[in-house]
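Spelled out from the first residue to the last, the chains are:
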Amino acid sequence: MATPRPLPLDPIGEAHRQWDAHGWGDVADGMAAVTSLVRAQQIVMARVDEALRPTGLTFSRYELLMLLSFSRSGALPMAVASARLQVHPTSVTNTVDRLEAANLVKRVPHPSDRRATLIEITTAGRDLVGRATADLNDRVFARPGLPPDRLRLLLTLLAEFRRAAGDFDSGDTPARWS
């Protein structure tokens, strides 16, 4: 992927200046933080999409395959997958439909709950997600764009933000990046 030419100024910094100039200085930092997070997510997803393109996987399909590959049996109930991926059950159903059409997962009856369906990763799914992970590790995760000490700070701040937003509650157990 060709790296785009950088802009001659930081558009979020300019937006911050405009917020101040228009009398919204008390919320300018919040606007800049939110806008920066959204832009950072766009940058990261472009890198992820580029690495996954040869596999034909989207990031949501990749995440589901990885979740299944990490499970002891290679299978999880749809409701559990939805909760662990923090997405609506309809999103998991759509993702499973696509993965199943590609023979990367299959739906199987739950052994003890007739109302539930398990999603099970296939051998082809394991092979593909293994190749995709190698590409992501090499092309994206090994080079996140920050030196290790700054990356650790970012992880700490994001964990603090996510916890305060109710994303998780580890109780008395400190979060990984506390």
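Cut-offs applied
Residues numbered from 1 in each chain as written. Predicted model: local features only at pLDDT ≥ 70, side-chain atom pairs only at ≥ 80, totals over all residues. Heavy atoms only, no water. Helix = DSSP H or I, 4+ residues; strand = E, 2+ residues; numbered from the N terminus. Expected span 1.5 Å × (residues − 1). Pairing = 2+ DSSP bridges. Buried < 20%, exposed > 50% of the residue type's maximum accessible area, 1.4 Å probe, protein only. Contact = heavy atoms within 4.5 Å. Axes fitted to C-alpha atoms, helices over the stretch in contact; angles between N-to-C directions. Parallel < 35°, antiparallel > 145°, perpendicular 65-115°, else oblique. Left-handed = near helix turned anticlockwise from the far one by under 90°. Nonpolar A, V, L, I, M, F, W, Y, C, P; charged D, E, K, R; others polar. Core = buried A, V, L, I, M, F, W, Y, C linked by side-chain atoms within 4.5 Å. 1 Å grid on protein atoms, 1.4 Å probe; cavity = no way out; pocket = protein on both sides within 12 Å on 5 of 7 lines; lining within 4 Å. Points joined across faces, edges and corners; volume = space filled by probe spheres on them.

### Quick notes on helix 7 (residues 148-164)
An α-helical segment advances 3.6 residues per turn. Residues three or four places apart therefore align on the same side.
Here comes step 1: Helix length check: helix 7 (17 residues) gives 24 Å between terminal C-alpha atoms against 24 Å at 1.5 Å per residue, within 8%.
Here comes step 2: A positive backbone phi angle near 85° is found at Gly166, which sits one or two residues after helix 7.

### Considerations on the pairing of strand 3 (residues 117-121)
Here comes step 1: In terms of strand pairing, strand 1 (residues 75-77) meets strand 3 through three bridges, oriented antiparallel. What sits directly across from Ala75, in strand 3, is Glu120.
Here comes step 2: One ladder, built from five bridges, connects strand 2 (residues 105-109) with strand 3; its direction is antiparallel. Paired with Pro109 across the two strands is Thr117, which belongs to strand 3.

### Let's talk about the side chain of Thr95
Here comes step 1: Within the fold, Thr95 resides in helix 5 (residues 89-101).
Here comes step 2: According to the relative accessible area criterion, Thr95 is buried, its value standing at 12%.
Here comes step 3: Not counting the four nearest positions on each side in its chain, Thr95 is found in contact with Ser60, Arg61 and Leu64.

### What about the sheet that holds strand 3?
Sheet strands line up and pair through hydrogen bonds in the backbone, either parallel or antiparallel.
Here comes step 1: Taken in spatial order, the three strands line up as 1-3-2 in an open sheet, and their pairing is antiparallel. Looking at which strands have only one partner, the edges of the open sheet turn out to be strand 1 and strand 2. Recorded for the sheet is a direction-independent mean angle of 30° between the axes of neighbouring strands.

### Notes on the packing of helix 1 (residues 11-21) against helix 2 (residues 25-52)
How two helices pack is summed up by the angle between their axes together with the distance between the axes.
Here comes step 1: One can describe the packing of helix 1 onto helix 2 by two numbers: an axis separation of 9 Å at closest approach and a directional angle of 160°. In terms of their interaxial angle, helix 1 and helix 2 are classed as roughly antiparallel. Crossing of helix 1 against helix 2: the hand is right-handed. Contacts between helix 1 and helix 2 involve Ile12, Ala15, His16, Trp19 and Asp20 on the former and, on the latter, Gly25, Val27, Ala28, Asp29, Met31, Ala32, Thr35, Ser36 and Arg39.
Here comes step 2: When the residues that make up the contact of helix 1 with helix 2 are grouped by side-chain class, the tally is seven nonpolar, four polar and three charged.

### Re the nonpolar core
Here comes step 1: Membership of the largest hydrophobic core comes to 25 residues, with the highest contact counts inside it found for Leu57, Tyr62, Leu64, Leu65 and Ile119.
Here comes step 2: Those elements that provide at least two residues to this core are helix 2, helix 3 (59-70), helix 4 (78-85), helix 5, strand 3 and helix 6 (123-141).
Here comes step 3: Ranked by residues supplied to this core, first place goes to helix 3 with six residues.
Here comes step 4: Non-local contacts of Leu64, meaning those with residues more than four positions away in its chain, are made with Ala81, Leu85, Thr95, Val96, Leu99 and Ile119.

### Observations concerning unusual backbone geometry
Here comes step 1: A positive phi angle, near 60°, is found at Gln86, a position not held by glycine.
Here comes step 2: Even without a glycine there, the phi angle at Asn103 is positive, about 60°.
Here comes step 3: On the basis of relative accessible area, Asn103 is assigned to the exposed category, the value being 55%.

### What about the packing of helix 3 against helix 5?
Here comes step 1: Following both chains from N to C, one finds helix 3 and helix 5 inclined at 80°, their axes separated by 10 Å at the closest point. As summarised for this structure, helix 3 and helix 5 are arranged roughly perpendicular, according to the angle between their axes. Contacts from Ser60, Arg61, Leu64 and Leu65 of helix 3 reach helix 5 at Thr95, Val96, Arg98 and Leu99.
Here comes step 2: Grouping the amino acids of the contact of helix 3 with helix 5 by side-chain chemistry returns four nonpolar, two polar and two charged.

### Some remarks on the layout of surface pockets
Here comes step 1: The space that makes up the largest pocket amounts to roughly 2,100 Å³.
Here comes step 2: Every residue lining the largest pocket is counted, 47 residues in all, and those nearest its centre are Ala40, Gln41, Val44, Met45 and Leu154.
Here comes step 3: For the lining of the largest pocket, the secondary-structure elements that each account for two or more residues are helix 1, helix 2, helix 3, helix 6 and helix 7.
Here comes step 4: When residues of the lining of the largest pocket are assigned to their parent elements, the largest contribution, 11 residues, is made by helix 2.
Here comes step 5: Of the residues belonging to the lining of the largest pocket, the class tally is 33 nonpolar, five polar and nine charged.
Here comes step 6: What the second largest pocket holds in volume is close to 200 Å³.
Here comes step 7: In terms of lining residues, the second largest pocket is bounded by Ala33, Ser36, Leu37, Ala40, Leu154, Leu157, Leu158, Glu160 and Phe161.
Here comes step 8: At the level of secondary structure, the elements contributing two or more residues to the lining of the second largest pocket comprise helix 2 and helix 7.

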